[in-house]
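# Coordinate inspection notes
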Amino acid sequence: MSTRQSLPPAPSRAALITGVLAAQEADVAPATIRKWVQLGHLTPAGNRGRAQLYRLEDVFAAERATRRKPRTPRT
C-alpha cells in the first residue's frame, strides 16, 4: 500500500468560451471578436462544431492591444 497522497489534477488548459461570451466579457460586439480574429489580434483556441472558442486571457490581451490611445491636445 502506498502512503503517497493524491493531489488534485492540475488544469491542463484554460477554460474556453464562445465568441458571444468573449464579446460580453470584453464589453464589445460579437462582430468585434470576429474582426480581431480577421486582423490577427486574436486566435481561436479550439472549436465546438462550427463555433470558435477562445481563452479569456487571449480575449483580454486582444482588447488591450486594440484599445485606442487617447489623443493628446495639440498646442
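All values derive from a computational prediction rather than experimental measurement.

The next subject is the sheet that holds strand β1 (residues 16–18). Read from one edge of the open sheet, three strands run β1-β3-β2, paired in antiparallel fashion. With one partner strand each, in any of the chains shown, β1 and β2 (46–48) form the two edges of the open sheet. The sheet shows a mean angle of 45 degrees between the axes of neighbouring strands, direction not considered. Here β2 runs beside strand β3 (residues 51–55); their pairing, made up of three bridges, is antiparallel. If you follow Arg48 over to β3, its bridge partner there is Ala51. With respect to the sheet, helix α3 (residues 56–66) is in contact with β1 and β3, its orientation differing from that of β3 by roughly 80 degrees.

Summed over all chains, the structure comprises two salt bridges. The closest approach of N and O atoms between Arg55 and Asp58, which form a salt bridge, is 3.5 Å. The exposure class of Arg55 is partly exposed, given its relative accessible area of 30%. Classification of Asp58 as partly exposed rests on a relative accessible area of 25%. As a salt-bridge pair, Glu63 and Arg67 come within 2.9 Å of each other at their nearest N and O atoms. We classify Glu63 as partly exposed; its relative accessible area is 21%.

What follows is about the nonpolar core. In this structure, Ile17, Ala22, Ala23, Ala26, Ile33, Trp36, Leu42, Tyr54, Val59 and Ala62 together form the largest nonpolar core, which totals 10 residues. Going through the elements one at a time, α1 (19–26), α2 (30–39) and α3 are the ones with two or more residues in this core. Among the elements that take part in this core, α1 stands out by supplying three residues, more than any other.

Our next topic: the packing of α1 against α2. Between α1 and α2, whose axes approach to 8 Å, the crossing angle comes to 105 degrees. The orientation of α1 relative to α2 falls into the category roughly perpendicular. Counting all contacts with α1, which are made through Gly19, Ala22, Ala23 and Ala26, the residues of α2 involved are Pro30, Ile33 and Trp36. In the contact of α1 with α2, the residues fall into six nonpolar, one polar and no charged.

Turning to α1, a few remarks are in order. Buried residues of α1: Gly19, Ala22, Ala23 and Ala26, and no others. Viewed end-on, α1 has its buried residues packed into an arc of 100 degrees, placing them on one side of the element. Elements in contact with the buried residues of α1: β1, α2, β3 and α3. Following α1 by one or two positions, Asp27 adopts a phi angle in the positive range, close to 55 degrees.

How each quantity is defined
Residues numbered from 1 in each chain as written. Predicted model: local features only at pLDDT ≥ 70, side-chain atom pairs only at ≥ 80, totals over all residues. Heavy atoms only, no water. Pairing = 2+ DSSP bridges. Helix = DSSP H or I, 4+ residues; strand = E, 2+ residues; numbered from the N terminus. Axes fitted to C-alpha atoms, helices over the stretch in contact; angles between N-to-C directions. Contact = heavy atoms within 4.5 Å. Salt bridge = Lys/Arg side-chain N within 4 Å of Asp/Glu carboxyl O. Buried < 20%, exposed > 50% of the residue type's maximum accessible area, 1.4 Å probe, protein only. Core = buried A, V, L, I, M, F, W, Y, C linked by side-chain atoms within 4.5 Å. Parallel < 35°, antiparallel > 145°, perpendicular 65-115°, else oblique. Nonpolar A, V, L, I, M, F, W, Y, C, P; charged D, E, K, R; others polar. Arc of directions from axis to C-beta.

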